[in-house]
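Overview (structure and organization)
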Amino acid sequence: MTLAPTASQTLGPFFNYALPLNADLTGGGKAQGCRIVLRGRVTDVDAAPVRDALVEIWQANAAGGYDHPLDRDEVRARDPHFIGFGRTLTDAEGAFSFTTVMPGPVPFEGNCWQAPHISVAVFAAGLLRRVRTRAYFPGEAMNEDDPVLAAVPKERRELLVAAAEGEGSYRFDIRLRGDNETPFFGD
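Residues numbered from 1 in each chain as written. Predicted model: local features only at pLDDT ≥ 70, side-chain atom pairs only at ≥ 80, totals over all residues. Heavy atoms only, no water.

Brief notes about the overall build of the chain
For the record, the criterion: Each helix corresponds to a stretch of at least 4 residues labelled H or I by DSSP, and each strand to a stretch of at least 2 residues labelled E; elements are numbered beginning at the N terminus. Relative accessibility decides the category of a residue: with a 1.4 Å probe and only protein chains considered, values under 20% of the type maximum give buried, values over 50% give exposed, and everything between is partly exposed. Should any heavy atoms of two residues lie within 4.5 Å, those residues are considered in contact.
Assigned secondary structure in the chain consists of two helices and 11 strands. Tracing the chain from N to C terminus, the helices and strands come up as α-β-β-β-β-β-β-β-β-α-β-β-β. The proportion of buried residues among the 187 residues of the chain is 40%. Summarising the internal contacts of the chain: among those between residues at least 6 apart in sequence, 69% fall at separations of at least 24.

Here's the deal with the layout of surface pockets
Empty pockets left among the atoms are what a rolling probe the size of a water molecule brings to light. The condition is simple: Only protein atoms enter the 1 Å grid used here, on which a cavity is any set of points holding a 1.4 Å probe that cannot leave and a pocket is any open set flanked by protein within 12 Å on both sides along at least five of seven lines; residues with an atom within 4 Å of a point are listed as lining. Grid points are joined across faces, edges and corners, and a volume is the space filled by probe spheres set on the points. Amino acids are sorted into nonpolar (Ala, Val, Leu, Ile, Met, Phe, Trp, Tyr, Cys and Pro), charged (Asp, Glu, Lys and Arg) and polar (every other residue, Gly among them).
For the largest pocket, the calculated volume is near 350 Å³. Looking at the largest pocket, it is lined by 18 residues, and the ones nearest its centre are W58, S119, V120, R132 and R134. Elements that contribute at least two residues to the lining of the largest pocket include exactly β2 (54-58), β7 (117-123) and β8 (131-136). Taken together, the residues of the lining of the largest pocket sort by class into nine nonpolar, five polar and four charged. Space inside the second largest pocket adds up to approximately 220 Å³. The wall of the second largest pocket is formed by 15 residues, among which L159, D173, I174, R175 and N180 lie closest to the centre. Sorting the residues of the lining of the second largest pocket by element identifies β1 (35-43) and β11 (174-175) as the ones contributing at least two each. In the lining of the second largest pocket, the residues fall into seven nonpolar, three polar and five charged.

Description of the pattern of salt bridges
Basically, it comes down to this: Every case where a carboxyl oxygen of Asp or Glu lies within 4 Å of a side-chain nitrogen of Lys or Arg is listed as a salt bridge.
Overall, the coordinates contain four salt bridges when judged by the stated rule. Put simply, D52 and R51 hold a salt bridge, and the shortest N to O gap is 3.8 Å. Under the relative-accessibility criterion, D52 is labelled partly exposed at 29%. As a salt-bridge pair, R171 and E165 come within 4.0 Å of each other at their nearest N and O atoms. For R171, a relative accessible area of 27% gives the class partly exposed. Through salt bridges that share partners, E165, R171 and D173 make up one connected network.

Focus: unusual backbone geometry
Positive phi, normally seen in glycine, also occurs at A47, with a value near 65 degrees. Among the secondary structure elements, A47 is positioned in the loop between β1 and β2. Since its relative accessible area comes to 41%, A47 is described here as partly exposed. Look at N111: it is not a glycine, yet its phi comes out positive at around 60 degrees. Relative to the helices and strands, N111 resides in the loop between β5 (106-108) and β6 (112-114). Relative accessible area serves as the criterion here: at 78%, N111 is assigned to the exposed category.

Structural data, given as structure tokens:
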């Protein structure tokens, strides 16, 4: 008799059946703001695709407000159709895709503002903890003064700026290690 290995006997994580996925943050297209698609690939040190990596995004709505109880700013009011959080798995080619809206700028400590961006987290087999990064948008005037982007060495900042692929479509590839490794941030 052959027995299948249990989870404790194999290397995980096992995201493909254990977590709810949601790659559309727009409430079926009802969210306010300019609809965009953020897609990319997760690759390893050899630029090989990372299959079944869990990619999560969290972002502000088009007005710069978060769908979170601690965000009580009336000016950046919540959009009842915008979810603000998405999760998907990479396919066999390491590809992922989200449908969302272009986020607005959000406040930062010291009366500063952060450029529109999408927070991205990746967790995959071989990682002991998730890694976190950000996707910024090309041509955004606020990128120059963004306090988080400014903390990244100048020669590596371009790795955090998604590439425009056409009207409302952006590509943000995530390299986990090696040449052109994506800059990651601590928790």
